[in-house]
Amino acid sequence: MSAAVVYIDDEVALCRVFEMVLGTRGIPVVTFTDATAAVAYLNAHDAIVVFCDFRMPTMNGLEVLARLSRPVPFYLISGDLSASTAASTPGVTGTLAKPFPAEQLIELVERYTTTT
Amino acid sequence: MMKTLPLGVAVFDRDMRYVAHNRAWLVAHGRDDTEDLVGKSHYEVFPGIREEWRRVNERALAGATERSELDVFETPHGKLVYLRWVVAPWGAEPGRVDGIIIYAENVTEQEVTRRRLAERESLIRDLFEKSPVGLNLCTMDGLWLESNQAFCDIIGYTQAEADGALTYWQLTPRKYDAQEQVQLEKLRTTRRYGPYEKEFARKDGTLVPVRLNGFLVEREGQPYIWSLIEDLTAQRALEADLEDERLKAIQASKLAAVGAMAAGIAHEVNNPLSIIDAYAFALEDALARGDHTKTDENIRAIRDAVTRAGKIVHGLRRFTRESMNEPPEEIDVAPLVDEAIALCNPRLREHGVELRVDVDPNARVRGHSIELGQVLVNLLNNAVDAVREGDKRWIHVSATDDRVGVVTILVEDSGPGIPPELASDVFRAFFTTKKVGEGTGLGLSISRSIVERHGGTLTYDPTTPHARFVVRLPRVGS
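Because the structure is predicted, anything quoted here is derived from the model rather than measured. (Residues numbered from 1 in each chain as written. Chains lettered and ligands numbered in written order. Predicted model: local features only at pLDDT ≥ 70, side-chain atom pairs only at ≥ 80, totals over all residues. Heavy atoms only, no water.)

Here we come to the interface of chain B and chain A. Across the boundary between the two partners, chain B contributes 24 residues, which contact 24 residues of chain A. Together chain B and chain A conceal approximately 2000 Å² of surface at their shared face, both sides included; 57% is due to carbon and sulfur atoms. The interface formed by chain B and chain A contains seven residue pairs in polar contact (both at pLDDT 80 or more). Contributions of two or more residues to the side of chain B that touches chain A are made by helix H8 (233-288), helix H9 (295-320) and helix H10 (333-350) of chain B. At 15 residues, the largest contribution of residues to the side of chain B that touches chain A is made by H8(B). Split into classes, the residues belonging to the side of chain B that touches chain A amount to eight nonpolar, eight polar and eight charged. (Contact = heavy atoms within 4.5 Å. Buried area = accessible area lost by both parts, 1.4 Å probe. Polar contact = N/O pair within 3.5 Å; in protein donor to acceptor, adjacent residues only side chain to side chain. Helix = DSSP H or I, 4+ residues; strand = E, 2+ residues; numbered from the N terminus. Nonpolar A, V, L, I, M, F, W, Y, C, P; charged D, E, K, R; others polar.)

In structure tokens form, the structure reads like this:
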């Protein structure tokens, strides 16, 4: 299976809309509302880039990152300031602060899809 | 005859030796009444006799008659004796003075009684004039007859302006009409009235809060009303200060609660904003391609997100609004619980806390919804703090109405509960087991004071293995 953009957020509406937005651009995208399932997927599949919400019920974005067995571009998304301190954590490529314009996420995705 | 006279009489010769005396004379002078002084010198019997009296006797021997309505001397035992006396000359033949007669009446008892009465009257007058409590006598029509200074100070009129001129009714605002009737009825049936709190209109037009107590008296067959009037201005100011402090403490604790929830609330608002932006983007995207198939879905998602963000903002605005001295209203418990949960939901979700809600939809209480909402938010926030480190994380909120008198709201959580030795401390102000910066230690003490002001109780139930806080409030029938 070819690599996909992975979007992890317990907010199902955001998963849906990014599936839609990226899908219409022909970019393969896989979304998860459950962090545990996302970790299992990422440890078994290649990913182009990962966008992961920081605040999630079962584990936070940094805990997801810590459980990954191989390096991958990893963006933390957060609705509050708690992610800003996490930005300097090794392995975190960058952060997106909610609310962010959809274009910002698409630009980042395109940076990885055009160089791949 | 002389022996039985009620007044003391003694007859002296020119050398002031006793010629005769009666028993009352001995009594009047505080001496043993069996004594016989005949033949003895008056000045030897009474060596301490006043110089002034010696002179009276000398003048009498010279022919003068003198009297005193009230005189006093001290007996050898140190007792004061009050006397009325007359000293007059006597002679066996006209124009000759053979000696003097002294009539002395001991009026000590009458004098002591008179003095005691006078003292009591002056004491009563002092009490009346200097009493810090306003005192006032009025006719049954309310015409003021006697007012003391304290009362005049309260109403701002002078004694001269008030007594015999002003009436109770002139200074009573009409809004008290109904209550006045109640007090008058009380006066008729029990001869007393009060304690009755009302206001008087002062001379300067301001209203002064007072507490009245009074009773009926009769003077020469006519009924009058005595009233005791206390100025409540200082007490009211103190009460207002206390209420002010209470509201400030509530507000401070509320802001602390908001602080605890702030990150979650930001998350809760920013998520819908992200959704709105992304769906708007998707909508533009689709329309640009001429794709109308997803328009409805996109618009619905946007509007749902707006509703969601609006709810949290609305809830927050209600919660942080300062509670005023508003009259209590009837409150449905279900929406009260819903609003509190909506505020705490971000934190519940963040920590993956499972929430069970079981609220009787008919439960109603009376009070201030903002304050009671704060109690629930405090309890929920505490519950989140208690469970977030645990493996099992659940909170159960329930409300039941016993249909008789009590609505019971339970907030239970899967945390370890409060150790028995701390159970009585948790409601104390500034008591906290949370880390520095995480809790003010005011939440539970303020929550309890709020519930108690609503006529209810807030307790901790130590009988379950988990933490269980119990709010009991008087129910309101539907």
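Time to look at the pairing of strand E15 (residues 406-413) of chain B. Residues and elements named next belong to chain B. The buried fraction of E15 amounts to seven of the eight residues, a majority that puts the element mostly inside the structure. In this structure, strand E14 (residues 394-401) lies alongside E15, joined through seven bridges in antiparallel fashion. Looking at E15, one finds that Ile-395 is bridged to Asp-413. With antiparallel pairing between neighbouring strands as the criterion, E14 and E15 make up a hairpin whose turn holds four residues, including Arg-403 at a positive phi of roughly 65°. Of the strand pairs in this sheet, E15 and strand E17 (residues 467-474) are connected by eight bridges, and their pairing is antiparallel. (Buried < 20%, exposed > 50% of the residue type's maximum accessible area, 1.4 Å probe, protein only. Pairing = 2+ DSSP bridges.)

Moving on to the sheet that holds E14(B). All names here are of chain B. The strand order across the open sheet built from five strands is E12-E14-E15-E17-E16, with neighbouring strands paired in mixed fashion. Edge positions in the sheet fall to strand E12 (354-359) and strand E16 (457-460), since each of these pairs with one other strand and no more. Neighbour-to-neighbour, the strand axes of this sheet turn through a mean angle of 10°, independent of strand direction. Direction of pairing for E16 relative to E17: antiparallel, over a ladder of four bridges. Along E17, the bridge assignment pairs Leu-458 with Val-471. Lying on the sheet, H10 is in contact with E12, E14 and E15; it crosses E12 at an angle near 175°. Its contacts with the sheet place helix H11 (residues 369-387) against E14, E15, E16 and E17, and it is angled at close to 25° to E15. (Axes fitted to C-alpha atoms, helices over the stretch in contact; angles between N-to-C directions.)

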